[in-house]
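Structural overview for review
Each chain, written out:
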Amino acid sequence: MNSKNTILVTGGAGYIGSHTIIELLGTSDFKVVSVDNFSNSSAKTFERIEKITEKKVTNYRIDLCNKTDLEQIFETEKNIIGIIHFAAFKAVGESVLHPHKYYYNNINSLLNILECCLKFNIPNFIFSSSCSVYGNISKLPVKEDTPFGKAESPYAYTKQVGEEMIKDYTIAFPQLHTIALRYFNPVGSHITGLIGESPLNKANNLVPIITQTAIGKIKQMTVFGNDYPTRDGTCIRDYIHVTDIAIAHIKALMYLMEKKNKSNFSIFNLGTGEGVSVLEAISAFEKTSGEKLNYIIGDKRPGDVGAIYSDTEKSEKELGWKPRFSLDEMMETAWKWELEQSKKN
Ligand code: UDP
């Protein structure tokens, strides 16, 4: 393989982007460049990536909605052979309140990148999608060939539209080889505890809320509902370690580069296949951290589905990818990262 092969990672300072860059650099097959305007992330992440990998990553601080600026990167970086497109707004609740922000950013940036793939002959493209494209589904576990359900938020709709856009491009332009990776619930942090999820905005997701409660940033957390038709009444999700997700991106990239794909647009679920309830997640956290969590049971959160978890057969068989981190390790690393962040505050 040509050692000058460059992978462009959009959203490289973000949660999954940063972990993926570490794995990409670990293979030593690739040079990595990032595009991130730090709209929900920090430049410090690159210092931390450098500390872990001992390699420097060039980041272009541009807005992906600005096509001229984006094209300039491809003029400069001549050896880009693949793009992993993470950069997008992702807060479900915010998308309901500010649909324009989500449609404008998530759709325009994808459109600009797809146009660059054509203009600069980039053959391989990987898209961050989400299990939210399945909507409120009752048949579990969820398989990739399940049709889209009704999108429960503008965020989810941008992922559905994004996948459709990519599919249409691959039909019109068969030189483009693409994969959509549908993430279930990515959690945890790098085993060093040096990087993790650090949204500039208020945490919305369960695991950061658990660790922030344990450290005292949040006084008390609420379990959203305990009368769902599940084994303990709380919602069930498929939590997956962020490094397992990152590794899946390398597998997906190699799958395209080695021309193993049967179609120009492939879809893979990224989950463990195991459903975990909110109370089970809390108890795994308490066990591994030794901290007692201050929580109450509250009302259901609007829009929550009772249970969703992934069918993992296709990713295992075709990508050769199997998650390795246990729920306890997800909690341990998430806690390590919370402690690391508290050091500098
Ligand atoms: N959850 C909760 N309390 C919180 C945050 C989340 O009980 O403060 C629950 C939420 O209802 C859901 C699960 O934790 O059942 C995972 O929520 P998250 O927002 O992390 O992911 P998603 O809703 O996208 O699956």
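Described in the following lines is the structure provided in the data block. (Residues numbered from 1 in each chain as written. Predicted model: local features only at pLDDT ≥ 70, side-chain atom pairs only at ≥ 80, totals over all residues. Heavy atoms only, no water.)

**A few points about the side chain of Ser130**
- On the secondary structure map, Ser130 appears in strand β5 (residues 124–130).
- One polar contact links Ser130 to Ser132, side chain to side chain, over a distance of 2.7 Å. (Helix = DSSP H or I, 4+ residues; strand = E, 2+ residues; numbered from the N terminus. Polar contact = N/O pair within 3.5 Å; in protein donor to acceptor, adjacent residues only side chain to side chain.)

**Observations concerning the site of the ligand**
- The local shell around the ligand holds 14 residues, among which Leu206, Thr222, Arg237, Arg301 and Asp304 are the closest.
- A distance of 2.9 Å is found between an oxygen atom of the ligand and a side-chain nitrogen or oxygen belonging to Asn185.
- A distance of 2.9 Å is found between an oxygen atom of the ligand and a backbone nitrogen or oxygen belonging to Phe224.
- Within the complex, 87% of the 520 Å² of free accessible area of the ligand lies under protein.
- Secondary-structure elements contributing two or more residues to the shell around the ligand are α7 (206–215) and β8 (221–224).
- At three residues, β8 tops the list of elements feeding residues into the shell around the ligand.
- Residue composition of the shell around the ligand, by class: seven nonpolar, four polar and three charged. (Near = heavy atom within 4 Å. Areas by Shrake-Rupley, 256 points an atom, 1.4 Å probe, with all protein chains shown as cover. Nonpolar A, V, L, I, M, F, W, Y, C, P; charged D, E, K, R; others polar.)

**Section: the packing of aromatic side chains**
- Enumeration according to the criterion identifies eight aromatic pairs in this entry.
- Taken together, a centroid distance of 6.1 Å and an interplanar angle of 85 degrees make the contact between Tyr103 and Tyr157 edge-to-face. Highlighted residues: Tyr103 in helix α5 (residues 99–119) and Tyr157 in helix α6 (residues 154–172), separated in sequence by 54 residues.
- Measuring from centroid to centroid gives 5.4 Å for Phe285 and Trp335, while their planes differ by 90 degrees, and the two rings are edge-to-face. Highlighted residues: Phe285 in helix α9 (residues 278–289) and Trp335 in helix α11 (residues 327–344), separated in sequence by 50 residues. (Phe/Tyr/Trp six-rings, centres within 6.5 Å; stacked < 30°, edge-to-face > 60°.)

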